[in-house]
Amino acid sequence: MLLIPCPWCGPRDESEFRYGGEAHIGAPANPGSLSDADWADYLFMRNNPKGWFRERWMHAQGCRRWFNAVRHTVSNEIAAVYRMGEPPPPAPGPGREGET
Amino acid sequence: MAEATHKRSPLADLAAGLAGASVPGRVSLAEEPFLAQIDLRGDAADGGFREAAGGVIGAALPLAPNTVAQGGRLRALWLGPDEWLIVGPEGSEGGIEAGLKAALAGRHVSIVDVSASRTAIAVAGAGAREVLAKGMGLDLHSRAFGPGRSAQAQLARAQVILEQVSGEPRFRLFVRASFAPYLARWLIDATAEYRIAGP
Ligand SMILES: [Zn+2]
């Protein structure tokens, strides 16, 4: 069980949250001009790093706000959380597993 | 129009069970049915919105997460950075809704009567904190959670809005009508140890 710090409510059980996948995927400014391949890339293709990952979470059983977290995909360590619209924090150092 | 004679609270069948589970001096359980509940959304950064809403409630809207403001007969619970639950006595929902709509006319707000969505269960007494802690991951120690605090969280895996009403301590749990019988039975079970006669 992860202890996830909601930027509004503080640390809460993972069971209160919904996962939202990779963060900072911007919607295409001009969808009509995209090729099928570009559109598929926007809709379906995501990074899957072994290491730090900026991702979205929603405090579904609490304040029901979306926010971003920087989580290490090996150790599950959460280096930072930040509210929607706030700039991402600088990349953390190596995680506890020694991954980058 | 359906009149009050037809109203039946979600825990009407469990009123005797809750009363029977209560142990004087240790813990008491009771439904608080039919509380007025209005969900209010608006821009907390807009001073005009805050002032107009606060005027109806009788207290400034709480801006700190998971806190409660008391104004006369009404309480305002923080639900989110742009969302509050205004709670009042039974039958006051129409007046609160009309008052907010009049005071906030022309603004980008949402005012919805959600009184029928949840019922409330009062959990009070010296053992109340311990009972709730059996099913919650929150820090409920009096140093961390006192009067005027609230939280939206899970109790025994049911989503609830919890608030501490007074220092007795007295808590109020808002729970969806469909989950209320389950949660009431869970509370009756969780208080069983206090019904065993002590030495
Ligand atoms: Zn939250």
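Refer to the structure presented above.
Treat the numbers as computed from the prediction; the structure is a model and nothing was measured.

Visitor: Which parts of the structure should I look at to understand helix α2 (residues 47–57) of chain B?
Guide: Three- or four-residue spacings in an α-helix give side chains the same orientation, since the helix completes a turn every 3.6 residues. Residues and elements named next belong to chain B. Turning to α2, its buried residues are Phe49, Ala52, Ala53, Gly54 and Ile57. The inward-facing, buried residues of α2 abut β2 (36–41), β3 (68–71), β4 (74–80), β5 (83–88) and α3 (93–103). Measuring from the side-chain oxygen of the N-cap residue of α2 to the backbone nitrogen of Gly48 gives 2.9 Å; that N-cap residue is Asp46. Taken from the residues just after α2, Gly58 is the one with a positive phi, measuring 90°.

Visitor: Explain the interface of chain B and chain A here, please?
Guide: How big an interface is tends to be reported as the loss of accessible area on association of its parts. Opposite the 16 residues of chain B that make contact, chain A presents eleven residues. Run the count over chain B and chain A and you get three salt bridges. Here Asp82(B) makes a salt bridge to Arg65(A), at a shortest N to O gap of 2.7 Å. Connecting chain B to chain A are eight residue pairs in polar contact (both at pLDDT 80 or more). Mapped by element, the contributors of at least two residues to the side of chain B that touches chain A are β4 and β8 (150–155) of chain B. No other element matches β8(B), which puts four residues into the side of chain B that touches chain A.

Visitor: How should the sheet that holds β8(B) be read in this particular structure?
Guide: Strand pairing in a sheet relies on backbone hydrogen bonds, with the paired strands running either antiparallel or parallel. Residues and elements named next belong to chain B. Pairing is antiparallel across the open sheet formed by five strands, whose spatial order is β1-β7-β10-β9-β8. The sheet is open, and its two borders are formed by β1 (28–32) and β8, each paired with just one other strand. The mean angle between the axes of side-by-side strands here comes to 30°, regardless of whether they run parallel or antiparallel. Pairing between β8 and strand β9 (residues 158–166): six bridges, direction antiparallel.

Visitor: Is there a simple way to think about the pattern of salt bridges in this case?
Guide: Between side chains of opposite charge, pairing is possible as soon as their charged atoms come close. Here the structure, examined in full by the defined rule, presents 14 salt bridges over all chains. Put simply, Lys101(B) and Glu97(B) hold a salt bridge, and the shortest N to O gap is 2.9 Å. With a gap of four residues between them, Lys101(B) and Glu97(B) both fall in helix α3, about one helical turn apart. One network of salt bridges, with partners in common, ties together Arg64(A), Arg65(A), Arg41(B), Asp82(B) and Glu83(B).

Visitor: Explain the coordination of the zinc ion to me, please; I cannot follow it from the model alone.
Guide: Tetrahedral coordination by four donors puts the ideal angle at the metal at 109.5 degrees, and octahedral coordination by six puts it at 90 or 180 degrees. All names here are of chain A. Bound to the zinc ion are the protein donor atoms Cys6 (SG), Cys9 (SG), His59 (ND1) and Cys63 (SG), situated 2.0 to 2.5 Å from the metal. Viewed at the metal, the four donor atoms of the zinc ion are separated by angles of 101 to 119°, and the geometry they form is tetrahedral. Of note, the donors binding the zinc ion are all from one chain and are spaced C-x2-C-x49-H-x3-C. Residue class for Cys63 comes out buried when judged on its relative accessible area of 0%.

Visitor: How should the environment of Ile188(B) be read in this particular structure?
Guide: Residue and element names in this part refer to chain B. Assignment of secondary structure puts Ile188 in helix α5 (residues 180–190). When the C-alpha atoms of Ile188 and Ala21 are compared, they prove to be 5.8 Å apart, with 167 residues separating the residues in sequence. What Ile188 contacts, discounting residues up to four positions off in sequence, is Gly17, Leu18, Ala21, Leu29 and Arg195.

Visitor: Is there a simple way to think about the packing of aromatic side chains in this case?
Guide: The geometry of an aromatic ring pair comes down to the distance between the two centres and the angle between the two planes. All chains considered together, the criterion is met by seven aromatic pairs over all chains. A centroid spacing of 6.4 Å and a plane angle of 40° characterise the contact between Trp8(A) and Trp78(B), whose relative ring orientation is tilted. Here Trp8(A), found in the loop between β1 (3–6) and β2 (10–13), pairs with Trp78(B), found in strand β4, and the two come from separate chains. Centroid distance Phe49(B) to Trp84(B): 5.8 Å. Interplanar angle 40°. Geometry classified as tilted. With Phe49(B) in helix α2 and Trp84(B) in strand β5, this residue pair connects regions lying 35 residues apart in the sequence. Relative accessible area serves as the criterion here: at 1%, Phe49(B) is assigned to the buried category. Aromatic rings pair up to connect Phe17(A), Tyr19(A), Trp57(A) and Phe67(A) into one cluster. A cation over a ring is seen here: Arg83(A) above Trp8(A), with NZ or CZ 3.4 Å from the ring centre.

Procedures and definitions
- Residues numbered from 1 in each chain as written.
- Chains lettered and ligands numbered in written order.
- Predicted model: local features only at pLDDT ≥ 70, side-chain atom pairs only at ≥ 80, totals over all residues.
- Heavy atoms only, no water.
- Buried < 20%, exposed > 50% of the residue type's maximum accessible area, 1.4 Å probe, protein only.
- Helix = DSSP H or I, 4+ residues; strand = E, 2+ residues; numbered from the N terminus.
- Contact = heavy atoms within 4.5 Å.
- Polar contact = N/O pair within 3.5 Å; in protein donor to acceptor, adjacent residues only side chain to side chain.
- Salt bridge = Lys/Arg side-chain N within 4 Å of Asp/Glu carboxyl O.
- Pairing = 2+ DSSP bridges.
- Axes fitted to C-alpha atoms, helices over the stretch in contact; angles between N-to-C directions.
- Donors = N, O, S within 2.8 Å, 3.2 Å for Na, K, Ca; no water.
- Tetrahedral: all angles 85-135°; square planar, octahedral: opposite > 155°, others 65-115°.
- Phe/Tyr/Trp six-rings, centres within 6.5 Å; stacked < 30°, edge-to-face > 60°.
- Lys NZ or Arg CZ within 6 Å of the ring centre and 35° of its normal.

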